[in-house]
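Reading the structure
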Number of protein chains: 2
Amino acid sequence: VTAGEAEPLLAFLDLMSPTETALAISRLSSEDQSRLLTLLSPADAAEVLEDISETQAADMIEELSPAHAAAILEELDSDHIADLLGDMDEDSAAAILDNMAPEEAEEARQFLEYPPDTAGGLMISECLAYREEQRISDVLTDLQANRETYADYNVQYLYVTDERQRLRGVLRMHDLLFPVHAAPLSQLMIRDPHKVRVDAGLDRLRDFFEEHRLFGAPVVDEQNRLQGVVLPEAVEEAGRKRSVRQFLGLSGIIGGEEFRSMPLLVRSGRRLSWLSLNIVLNIIAASVIAIYQDTLAAAIALAVFLPMVSDMSGCSGNQAVAVSMRELSLGLVRPGELLRVMAKEASLGVVNGLALGLLLGAVAFFWKNNYYLGLVVGGALAANTLVAVTLGGLLPLLLKRLKMDPALVSSPLLTTVTDMAGFFFVLSFATAVLPRLSGG
Amino acid sequence: VTAGEAEPLLAFLDLMSPTETALAISRLSSEDQSRLLTLLSPADAAEVLEDISETQAADMIEELSPAHAAAILEELDSDHIADLLGDMDEDSAAAILDNMAPEEAEEARQFLEYPPDTAGGLMISECLAYREEQRISDVLTDLQANRETYADYNVQYLYVTDERQRLRGVLRMHDLLFPVHAAPLSQLMIRDPHKVRVDAGLDRLRDFFEEHRLFGAPVVDEQNRLQGVVLPEAVEEAGRKRSVRQFLGLSGIIGGEEFRSMPLLVRSGRRLSWLSLNIVLNIIAASVIAIYQDTLAAAIALAVFLPMVSDMSGCSGNQAVAVSMRELSLGLVRPGELLRVMAKEASLGVVNGLALGLLLGAVAFFWKNNYYLGLVVGGALAANTLVAVTLGGLLPLLLKRLKMDPALVSSPLLTTVTDMAGFFFVLSFATAVLPRLSGG
């Protein structure tokens, strides 16, 4: 496909939905991807890049010459440029910035300095701002004259500033429908509008848009100077990306997204980095079994129940982790409320521990018709469920207090502890009643 | 707090952010929650309900008298009413509907019939619609006259319909700024606007808003009659809820959300329903160990490696599940592409299986200084990694084709198979070389 010319290609891409474009592009080799971007005009290439994931887009741009890359980036909005540059390595980003128009490069550099999940990192600079002494008629004239430029802007609100660019008020587009055209904006505007600071974090921004159902929030610096506008869509998108990171993290994909179009060794290496940590944790947990080898040899039936007790408790613990993470993200629990969560989870741990312990204990008893085997297995599962549920409920809160990401760390930590504790309970209970176990 | 009067309470609630309100309410007993809603005016109560999660809001409303509940619901928008009624049991919902104004009840009943994650289920009926022969001046007069009512509406677009309510065109609010007031809408409107069918699903809606960056999409029935408008926020929200369901499902919380404010036995029962399925799967997997008991007794060192091999492969498999689910949700892979995914994952399985097998095999060898132990353990991990990764990559695609939810079913199914296969590989390899294993 990419051996040909730009025209039919463009027509073809136009027909496809963003998802189809993303699919088609991810199936091309990386040379064909570069050739595709080079064939298209910068504006068309920019549109293609908007359809695909940022990780892929950044990779594609890095393959181009800095001058060409700069031309394409200039077509994107300020927030998107910064995101893509942030995804590249520093040298490529610097080379591209050097090739951009000085003004745009300056702005992009400034955007790059804001941390990604803050108002500064999420805002776009494309918004309508007027001075408070300007009149409605001035605004209407300007809107008419710059229709084309403003088509890409967020035109829900007009922001009103003073001579030092400090935010003074806001007007909604439909406020322009009726008033006298000669009136200055300062008369009509809503004073002291809701606004966010450049350093406001993602949670703060979500709260803001939940509280004030606005189509955009003006972003100001410490001196109340208007810097840009952050749209609720950008906040949603950032939240969604955070959930994706958490989901991938929970499943053991760390260090960024993986697509099957990436080279085999890159995918393999990324997955191994996590698995090799896991192997160490597993060895630590399994060493408990090594210590109790003699008990196990004497009552080999226990070997059947060892993985069951640790697996089941791991599942119980993960349920508690999920509830804590959910309550944390909804703000229904604060990281300091350890005692409250402990009490809630411990009581549930007792109930579920007894229920599961009775069930598995009964299975063990009927299998070998040995009362003590049932007692050991059931007792161990009950005790370990209590440990797992309590620890699972507390871990996300503790990790949050330590400023670590609960999504990434909770699960492996929990599993290691529940494995160790599970092996320990089964084998130490068994050691205590060993003559009666092997006798049965 | 709730023993007092409405006034100070309202002032207090006004001061709090939505998250704080949600936290405060979830800490009240259910009697205090009902008392709170009864004290507030229906409009204020409705605002409180908007701040908290739907599950909690539906529970609170069910506790009220149907008449009171109806009064509060009438203050909410049409989509929200249907969501809350859908979360209640049918009798309560019917009782409340009987107490609502006939028109609103009729509308709510109609909304309840649309499946939740479709355009019909997500749309609101509050939108501005005019007839094509009406003039700009008519619209402006109407907008002026009904300012207050329209304040809660989605006023980004005006939809234009014919005499049979069929959608003919759309006007943006700022299209009203300049034109001649006497012109009929049919002259100015954009004809054949982008629209969605009432039965469009969530993925279709997401694609729609990704492709057309609109502030709302008109929803039409089979006869092209305007039914309402679906906002991108509603689609985002539904997508977010779906991810939450998936996250909770992955962690073994099924049958709806759990909050620690719920009664202990409800929480315990919900978690147990999942765990008892898990116990059955675990018993099936562990039965493999029971079959090979004699081998295990003869080479008890294997017991240390049994849980390690199955755990490690489970992790490898879950990584592949995560990548498949991610690619499915981005549209980068189609459910039918089994061979492509199998090839990609199998080659990765060989690489990672060899790497991990060598590592764990070396550990086993050095521990007991037994060459055969290393071979059995390493070989089993390598073989099981290949199985786990290939199966993990394919499962989400297969489940999707069977119209099952990959998020809920992939992980337990995968773990059962990797456990069984892991136990089988270790113990059957060991049986083959048993004399040399126990001899070492």
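Residues numbered from 1 in each chain as written. Chains lettered and ligands numbered in written order. Predicted model: local features only at pLDDT ≥ 70, side-chain atom pairs only at ≥ 80, totals over all residues. Heavy atoms only, no water.

Concerning the overall build of chain A
Scanning chain A from terminus to terminus reveals 22 helices and seven strands. Against the globule reference of 22 Å for 440 residues, chain A gives a C-alpha radius of gyration of 30 Å, more extended than a compact globule. Here the C-alpha coordinates of chain A stretch approximately 100 × 55 × 35 Å along the principal axes. For chain A, buried positions account for 51% of its 440 residues. Partitioning the contacts of chain A with sequence separation of at least 6, the portion at a separation of at least 24 is 68%. Averaging the coordinates of the 34 positive side-chain charges in chain A and doing the same for the 60 negative ones gives two points 11 Å apart. (Helix = DSSP H or I, 4+ residues; strand = E, 2+ residues; numbered from the N terminus. Rg over C-alpha atoms; globule rule 2.2 N^0.38 Å. Buried < 20%, exposed > 50% of the residue type's maximum accessible area, 1.4 Å probe, protein only. Contact = heavy atoms within 4.5 Å. Lys, Arg positive; Asp, Glu negative; His and termini not counted. Charge placed at Lys NZ, Arg CZ, Asp CG, Glu CD.)

Details of helix H11 (residues 136–145) of chain B
Residue and element names in this part refer to chain B. Every buried residue belonging to H11 is among Ile136, Val139, Leu140 and Leu143, and all of these are buried. Across the axial projection of H11, the buried residues extend over an arc of 95°, all falling on one side. Opposite the packed face of H11, turned more than 90 degrees from it, sit the exposed residues Thr141 and Ala145. (Arc of directions from axis to C-beta.)

Observations regarding the relation of the copies chain B and chain A
Between the two copies, chain B and chain A, the superposition gives an RMSD of 0.2 Å; the rotation angle is 180° and the shift along the axis is 0.1 Å. Such a turn and shift between the copies fits a two-fold axis. A symmetric contact is evident, with 100% of the interface residues of chain B recurring at the interface of chain A. (Least-squares fit on C-alpha atoms with pLDDT ≥ 70 in both.)

Concerning the nonpolar core
Across soluble globular proteins, you tend to see nonpolar side chains buried next to one another. If you look at the biggest cluster of nonpolar residues, it comprises 73 residues, and the most contacted ones within it are Leu296(A), Leu302(A), Leu296(B) and Leu302(B). Here this core gets nine residues from one element, more than from any other, and that element is helix H18 (residues 302–330) of chain B. Setting aside chain neighbours within four positions, we find Leu302(A) in contact with Leu296(A), Leu373(A), Val376(A), Val377(A), Val426(A), Leu427(A), Ala430(A) and Leu437(A). (Core = buried A, V, L, I, M, F, W, Y, C linked by side-chain atoms within 4.5 Å.)

Describing the pairing of strand S6 (residues 217–220) of chain B
Residues and elements named next belong to chain B. Covered by surrounding structure in S6 are Ala217 and Val219 together with Pro218 and Val220, the residues of both alternating faces. Both strand S5 (residues 196–197) and S6 contribute to a ladder of two bridges, which runs parallel. Residue pairing across strands places Val196 opposite Val219, the latter belonging to S6. Note that S6 and strand S7 (residues 226–230) share four bridges and pair antiparallel. Paired with Val220 across the two strands is Leu226, which belongs to S7. Between S6 and the antiparallel strand that follows it, S7, lie five residues; Asn224 among them carries a positive phi value of about 65°. (Pairing = 2+ DSSP bridges.)

Observations regarding the sheet that holds S5(B)
Taken in spatial order, the three strands of this open sheet run S5-S6-S7 (chain B), and their pairing is mixed. Among the strands making up the open sheet, the edge pair consists of S5 and S7 of chain B.

Topic: the sheet that holds strand S6 (residues 217–220) of chain A
Strand order in the open sheet formed by three strands is S5-S6-S7 (chain A), and the pairing between neighbours is mixed. Both outer strands of the open sheet, strand S5 (196–197) and strand S7 (226–230) of chain A, are each paired with one neighbouring strand and no more.

Points about unusual backbone geometry
Even without glycine at this site, Asn224(A) takes up a positive phi of about 65°. Mapping Asn224(A) onto the fold places it in the loop between S6 and S7.

Details of the pattern of salt bridges
Per the counting criterion, the structure on display carries 18 salt bridges over all chains. Glu345(B) serves as the salt-bridge partner of Arg271(A), at 3.0 Å between the closest nitrogen and oxygen. Taken together, the residues span two chains, with Arg271(A) in helix H16 (residues 264–291) and Glu345(B) in helix H19 (residues 338–368). Both residues of the pair, Arg271(A) and Glu345(B), belong to the buried class. (Salt bridge = Lys/Arg side-chain N within 4 Å of Asp/Glu carboxyl O.)

Quick word on the interface of chain B and chain A
Many authors give the size of an interface as the accessible area that is lost as the parts come together. In this complex, chain B contributes 100 residues to the contact, which on the side of chain A involves 100 residues. Roughly 9,400 Å² is buried in total at the junction of chain B and chain A, and carbon and sulfur atoms are behind 64% of that figure. Applying the counting rule to chain B against chain A returns four salt bridges. Between the two partners, chain B and chain A, sit eight residue pairs in polar contact (both at pLDDT 80 or more). Ranked by residues supplied to the side of chain B that touches chain A, first place goes to H18(B) with 18 residues. (Buried area = accessible area lost by both parts, 1.4 Å probe. Polar contact = N/O pair within 3.5 Å; in protein donor to acceptor, adjacent residues only side chain to side chain.)

Re helix H20 (residues 371–401) of chain A
Every α-helix winds through 3.6 residues per turn, so residues three or four apart in the chain are directed the same way. Residue and element names in this part refer to chain A. Taking 1.5 Å per residue as the helical rise, H20 with its 31 residues ought to reach 45 Å, and the 45 Å between its terminal C-alpha atoms agrees with that figure. The sharpest bend along H20 measures roughly 30° and falls at Leu395, with the proline Pro396 sitting one to four residues further on. Capping the start of H20, Asn370 holds a side-chain oxygen 2.7 Å from the backbone nitrogen of Tyr372, two or three residues further along. (Expected span 1.5 Å × (residues − 1). Bend = angle between axes of the 7 residues up to and from the residue.)

A few points about the packing of aromatic side chains
All names here are of chain A. Counted according to the given criterion, the structure contains 16 aromatic pairs over all chains. The interplanar angle of 55° and the centroid separation of 5.9 Å between the aromatic rings of Phe424 and Phe425 together place this pair among those described as tilted. Feature note: the residues Tyr292, Phe424, Phe425 and Phe429 constitute an aromatic cluster, connected by ring pairs. Lys368 extends its terminal NZ or CZ atom over the ring of Trp367, reaching a point 4.4 Å from the ring centre. (Phe/Tyr/Trp six-rings, centres within 6.5 Å; stacked < 30°, edge-to-face > 60°. Lys NZ or Arg CZ within 6 Å of the ring centre and 35° of its normal.)

Focus on the domain arrangement of chain A
According to the domain assignment, chain A consists of domain 1 (6–113), domain 2 (122–235) and domain 3 (264–439). Spacing between the C-alpha centres of domain 1 of chain A and domain 3 of chain A amounts to 47 Å. (Domains from an automatic or database assignment.)

Observations concerning the packing of H16(A) against H18(B)
When two helices pack together, you describe them by how their axes are tilted relative to each other and by the distance separating the axes. Two elements in contact, H16(A) and H18(B), have axes whose closest approach is 9 Å; the angle formed by their N-to-C orientations is 155°. With respect to each other, H16(A) and H18(B) are oriented roughly antiparallel. The chirality of how H16(A) crosses H18(B) is right-handed. Contacts from Arg271(A), Trp274(A), Leu275(A), Asn278(A), Ile279(A), Asn282(A), Ile283(A), Ala286(A), Ile289(A) and Ala290(A) in H16(A) reach Ala303(B), Val304(B), Pro307(B), Met308(B), Asp311(B), Met312(B), Cys315(B), Ser316(B), Gln319(B), Ala320(B) and Val323(B) in H18(B). Taken together, the residues of the contact of H16(A) with H18(B) sort by class into 15 nonpolar, four polar and two charged. (Axes fitted to C-alpha atoms, helices over the stretch in contact; angles between N-to-C directions. Parallel < 35°, antiparallel > 145°, perpendicular 65-115°, else oblique. Left-handed = near helix turned anticlockwise from the far one by under 90°. Nonpolar A, V, L, I, M, F, W, Y, C, P; charged D, E, K, R; others polar.)

Some details on the confidence of the model for chain A
In the predicted model, chain A carries a mean pLDDT of 82, and 91% of its residues have values of at least 70. Within chain A, the lowest mean pLDDT, 66, falls on helix H1 (residues 6–15) of chain A, and the highest, 93, falls on H20(A). (pLDDT = per-residue confidence, 0-100.)

Quick notes on the packing of helix H18 (residues 302–330) of chain A against H20(A)
All names here are of chain A. One can describe the packing of H18 onto H20 by two numbers: an axis separation of 7 Å at closest approach and a directional angle of 30°. In terms of orientation, H18 and H20 fall into the roughly parallel class. Of the two elements, H18 crosses H20, and the hand of that crossing is right-handed. By residue class, the composition of the contact of H18 with H20 is 17 nonpolar, nine polar and one charged.

Quick look at the state of the cysteines
A complete count under the given rule lists zero disulfides over all chains for this structure. Of all cysteine sulfurs, the one in Cys315(A) lies closest to Cys315(B), which takes part in no disulfide; the gap is 13 Å. (Disulfide = S-S within 2.5 Å.)

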